[in-house]
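For reference, the chains in residue letters:
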Amino acid sequence: MLVLVHGGAGRVTPESLPEHVAGCGEAATAGLEKLRETGSALDAAQAAVAYLETAPLYNAGTGGSLTADGTLEFDAAVMRGDLAAGAVSGLPPFEHPIDIARMLLDEGGRAGAPVMMGGPGAARWAEARGFVPAGDEMITDRARERLAAWRAGQVGEGWAGGTVGAVAWDGAGSVAAATSTGGTVGKPPGRIGDSPILGAGTWADDRTGACSATGIGEAILRLGLARGVCDRARALGDAQAAADAMLVEFTDRVGGSGGFILVTPDGQVGIARNTATMSHAVARDGAAVVTGH
């Protein structure tokens, strides 16, 4: 059993990096605890991402990037290795967008039930199921400063960038993925990135693997990165070799900036980035948590 987490690809300042990496370790540990409790890779990936959504250091949930209008719009997705999935896009503030995506997955077995919802309609759907809307309390001073820098033409450093995400393996061949993001700072309201798009920013298939991507969403979308790297891992039989090869294609074909994590149905791990940092952590059953950036 294992849970692999990323805290977003980009550039985190040296003084912030230890805390950023440590948070990923804590999230991976929370995910592994859930996996031990329920045996579900999906539960584990969801729990790890939910942990990061409440940590204002990351670009998801509380502390997420602001739109050009100074508002929060969230994207999130979960996917299980049997191809069950749920996703939200352009969601107004809720504490845990990943939990709303999970409810979409759970209800998706019914005829006519949606896999993905967005905007005000998604908010009404969530409220009808007991989720409580949030407000400006989810907007941090850091996010306001980041938006001010963007408006001044100086995006600045100290921000991971893309998303948070997790992949998990239950030790018996089943995988899952979860991804959540505030999107790019200063994005036009209504912009949707890769995170909630199955096969682009999030993918899970018990035949090939599970992946969560982070970075410039438009490039990730064009390449269909998450499914592509999982298919490549199956063809090569080597998760890290697949990750390395996909990173080259991501950089060369679409000029992509970012990174991704993946796990295969036999428990192999792949981690790749072409940015200065991508905080991450792996929690394995019976082993110490391994962190990196």
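Scroll up a little and you will see the structure.
All values reported here derive from a predicted model rather than from experimental measurement. (Residues numbered from 1 in each chain as written. Predicted model: local features only at pLDDT ≥ 70, side-chain atom pairs only at ≥ 80, totals over all residues. Heavy atoms only, no water.)

Undergrad: Requested: an account of the environment of Ala47, with residues and values cited.
TA: Examined against the element boundaries, Ala47 turns out to sit in helix H2 (residues 41-53). In the structure, Ala47 is positioned 93 residues away from Thr140 in sequence and 22 Å away in space, judged by C-alpha atoms. If sequence neighbours within four positions are ignored, Ala47 has contacts with Ala30, Gly31 and Lys34. (Helix = DSSP H or I, 4+ residues; strand = E, 2+ residues; numbered from the N terminus. Contact = heavy atoms within 4.5 Å.)

Undergrad: Explain a nonpolar patch on the surface to me, and be specific about the residues and the numbers.
TA: A contiguous nonpolar patch, built from Val115, Met116 and Leu198 and spanning about 220 Å² of accessible area, is present on the exposed surface. The exposure class of Val115 is partly exposed, given its relative accessible area of 38%. (Patch = residues over 30% accessible without salt bridge, like charges linked within 9 Å, V, L, I, M, F, W, Y side chains within 5 Å. Areas by Shrake-Rupley, 256 points an atom, 1.4 Å probe, with all protein chains shown as cover. Salt bridge = Lys/Arg side-chain N within 4 Å of Asp/Glu carboxyl O. Buried < 20%, exposed > 50% of the residue type's maximum accessible area, 1.4 Å probe, protein only.)

Undergrad: Now, about the sheet that holds strand S11 (residues 277-284): what can you tell me, with residues and values included?
TA: What the eight strands build is an open sheet, ordered S4-S3-S2-S6-S5-S1-S11-S12; its pairing is mixed. The sheet terminates laterally at strand S4 (116-118) and strand S12 (290-292), the two strands that pair on one side only. Along the sheet, successive strands turn relative to each other by an average axial angle of 10°, direction set aside. Bridge count between strand S1 (residues 2-10) and strand S5 (residues 164-169): five bridges; the pairing is antiparallel. Across the sheet, the residue bridging to Leu2 is Trp169, located in S5. Together, strand S2 (74-80), strand S3 (85-91), S4 and strand S6 (175-181) form the strand contacts of helix H3 (residues 97-107), whose direction differs from that of S3 by roughly 135°. Docked against the sheet, helix H4 (residues 119-128) engages S3 and S4, running at close to 110° with respect to S4. (Pairing = 2+ DSSP bridges. Axes fitted to C-alpha atoms, helices over the stretch in contact; angles between N-to-C directions.)

Undergrad: For the pattern of salt bridges, give the residues involved together with the corresponding values.
TA: According to the stated counting rule, one finds 12 salt bridges in the structure shown. Between Asp43 and Arg102 there is a salt bridge, with its nearest N and O atoms 2.7 Å apart. Taken as a pair, Asp43 in helix H2 and Arg102 in helix H3 lie far apart in primary sequence, 59 residues in all. Residues Asp43 and Arg102 agree in their burial class; the two are buried. Its salt-bridge partner being Arg207, residue Asp205 comes within 3.1 Å of it at the nearest N-O pair. The exposure class assigned to Arg207 is exposed, which follows from its relative accessible area of 53%. Taken together, the salt bridges that share partners define one network made up of Asp43, Arg102 and Asp106.

Undergrad: Could you give an account of the nonpolar core, with specific residues and numbers?
TA: Soluble globular proteins tend to pack their nonpolar side chains together in the buried interior. If you look at the biggest cluster of nonpolar residues, it comprises 48 residues, and the most contacted ones within it are Val3, Val5, Tyr58, Val78, Leu91, Ile98 and Ile100. Counting residues per element, this core draws most heavily on H2, at eight residues. Ignoring sequence-local partners within four residues, the contact set of Ile98 consists of Gln46, Val49, Ala50, Glu53, Ala76, Ala77, Val78, Ala178, Thr179 and Ser180. Trp169, Cys211, Ala233 and Val263 belong to the second-largest nonpolar core, a separate cluster that totals 37 residues. (Core = buried A, V, L, I, M, F, W, Y, C linked by side-chain atoms within 4.5 Å.)

Undergrad: Got a sec to walk through H3? Specific residues and values, please.
TA: The buried count for H3 comes to eight of 11 residues, which makes it a mostly enclosed element. Looking at the buried residues of H3, the elements they touch are H2, S2, S3, S4, H4 and S6.

Undergrad: Any details on unusual backbone geometry? Residues and values, ideally.
TA: Positive phi outside glycine occurs at Leu83, with the angle close to 80°. Mapped onto the elements of the fold, Leu83 is located in the loop between S2 and S3.

Undergrad: Describe the side chain of Ser180, and please don't skip the residues or the numbers.
TA: If you trace the backbone, Ser180 turns up in strand S6. Excluding anything up to four places from it in sequence, Ser180 contacts Val49, Glu53, Asn59, Ala60, Asp75, Ala76, Pro97, Ile98, Thr163 and Val164.

Undergrad: Outline the pairing of S3, supporting the account with residue identities and numerical values.
TA: For S3, the buried fraction is high: seven of the seven residues fall into the buried class. Where S2 meets S3, five bridges bridge the pair, whose relative direction is antiparallel. The partner of Ala76 across the bridge, within S3, is Val88. Adjacent in sequence and paired antiparallel, S2 and S3 are bridged by four residues, among which Leu83 carries a positive phi angle near 80°.

Undergrad: Any details on H2? Residues and values, ideally.
TA: Its 13 residues give H2 an end-to-end C-alpha distance of 19 Å, which sits within 8% of 18 Å, the value for a rise of 1.5 Å per residue. When you tally the buried positions in H2, you get 12 out of 13 residues, the bulk of the element. Those residues of H2 that fall on the buried side of the exposure criterion are Ala41, Leu42, Asp43, Ala44, Ala45, Gln46, Ala47, Ala48, Val49, Ala50, Leu52 and Glu53. The elements touched by buried residues of H2 are S1, helix H1 (17-38), S2, H3, S5 and S6. Capping the start of H2 is the job of one residue whose side-chain oxygen sits 3.3 Å from the backbone nitrogen of Leu42: Ser40. (Expected span 1.5 Å × (residues − 1). Polar contact = N/O pair within 3.5 Å; in protein donor to acceptor, adjacent residues only side chain to side chain.)

Undergrad: With reference to specific residues and values, describe the state of the cysteines.
TA: Inspection of every chain in the model, using the stated rule, returns zero disulfides. Of all cysteine sulfurs, the one in Cys211 lies closest to Cys24, which takes part in no disulfide; the gap is 15 Å. Cys211 takes part in no disulfide bond, and the closest cysteine sulfur, belonging to Cys230, lies 5.2 Å away. (Disulfide = S-S within 2.5 Å.)

That's the geometry; what it means functionally is another story.
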